[in-house]
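Tertiary structure, described
Here's the letter readout for the chains.
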Amino acid sequence: MLAECVDARTGRRFKAGETFAPAPTIDQAKRLIAGGCLAEAALKAAVEPEVSAKLISAGPKLDSKTASADIDQLRKSVDDARLAAETEIKAITAGVDRARADAEKQLDEIGTEIAAARAKAITAKAEFAAEVENARKQADADIATITADVEKARDAAKKTTDKKD
C-alpha cells in the first residue's frame, strides 16, 4: 500500500505499507492505482471477481491442536506475567513501606532536634534578657555614682571658688 484505503469487499482498512490481501479485483486494482493507493504492479496481482470471492470466503484453516496449544501457551504467558507483576508489586510495596518508615523516623528525629533547639533558644533568650537587665541596673548605678561624683566635684569647686572671693 502506498496510501491508506479500504477494501470495498470486506470493509477492512489498510494503511500505507501494509499488504492488500486478498488480492484486489481487476476493477478495484485500477481504482486503487488511480487513487494513488497501489503501485502499477498491483494490476498484475489482481484477480477476477470470482477468484477474489473464493479467496475471501476460504479464510484461514485452523488446526484445533495448534490453536489449543497456542491458547495454552498464551495462558501460561499471561499467568507468568501476572505472577511476575505481583512479585514486583510486593517488592515495590515493601520498598515503599521501608521508605515511609525511614521518613517517619527522620521526621521524628528532626522534630526532636527542633524541640531541643527551641528550648535552647528560649533559655538563651532568658539569659540574654537577664544580662541586659543586669547591664541596665549596672548602668543606672554607674550613672548614679557619676552623678554623685559630679555633684561632689561641683560642691568642692564651689567651695574653692567661694574661698577665693
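These remarks concern the structure in this document.

Reading the values: rules and limits
- Residues numbered from 1 in each chain as written.
- Predicted model: local features only at pLDDT ≥ 70, side-chain atom pairs only at ≥ 80, totals over all residues.
- Heavy atoms only, no water.
- Helix = DSSP H or I, 4+ residues; strand = E, 2+ residues; numbered from the N terminus.
- Buried < 20%, exposed > 50% of the residue type's maximum accessible area, 1.4 Å probe, protein only.
- Contact = heavy atoms within 4.5 Å.
- Patch = residues over 30% accessible without salt bridge, like charges linked within 9 Å, V, L, I, M, F, W, Y side chains within 5 Å.
- Areas by Shrake-Rupley, 256 points an atom, 1.4 Å probe, with all protein chains shown as cover.
- Salt bridge = Lys/Arg side-chain N within 4 Å of Asp/Glu carboxyl O.
- Lys, Arg positive; Asp, Glu negative; His and termini not counted.
- Charge placed at Lys NZ, Arg CZ, Asp CG, Glu CD.

1. Brief notes about the overall build of the chain
- Looking only at helices and strands, the chain features 4 helices and 2 strands.
- Its helices and strands in sequence order give the chain the pattern β-β-α-α-α-α, from N to C terminus.
- Counting the 165 residues in the chain, one finds 11% classified as buried.
- Partitioning the contacts of the chain with sequence separation of at least 6, the portion at a separation of at least 24 is 27%.

2. Section: a negative patch on the surface
- Among the surface-exposed residues, Glu-104, Asp-108, Glu-109 and Glu-113 lie close enough to one another that they form a single negatively charged patch.
- By the element assignment, Glu-104 lies in helix α4 (residues 64-164).
- Accessibility expressed as a relative area gives 46% for Glu-104, which makes it partly exposed.

3. A look at the pattern of salt bridges
- Taken as a whole, this structure holds 8 salt bridges when the rule is applied.
- One salt bridge in this structure joins Arg-13 and Glu-4, with 2.7 Å as the shortest N-O distance.
- One salt bridge in this structure joins Glu-18 and Arg-12, with 3.4 Å as the shortest N-O distance.
- Residue classification places Arg-12 among the partly exposed positions, given a relative accessible area of 39%.

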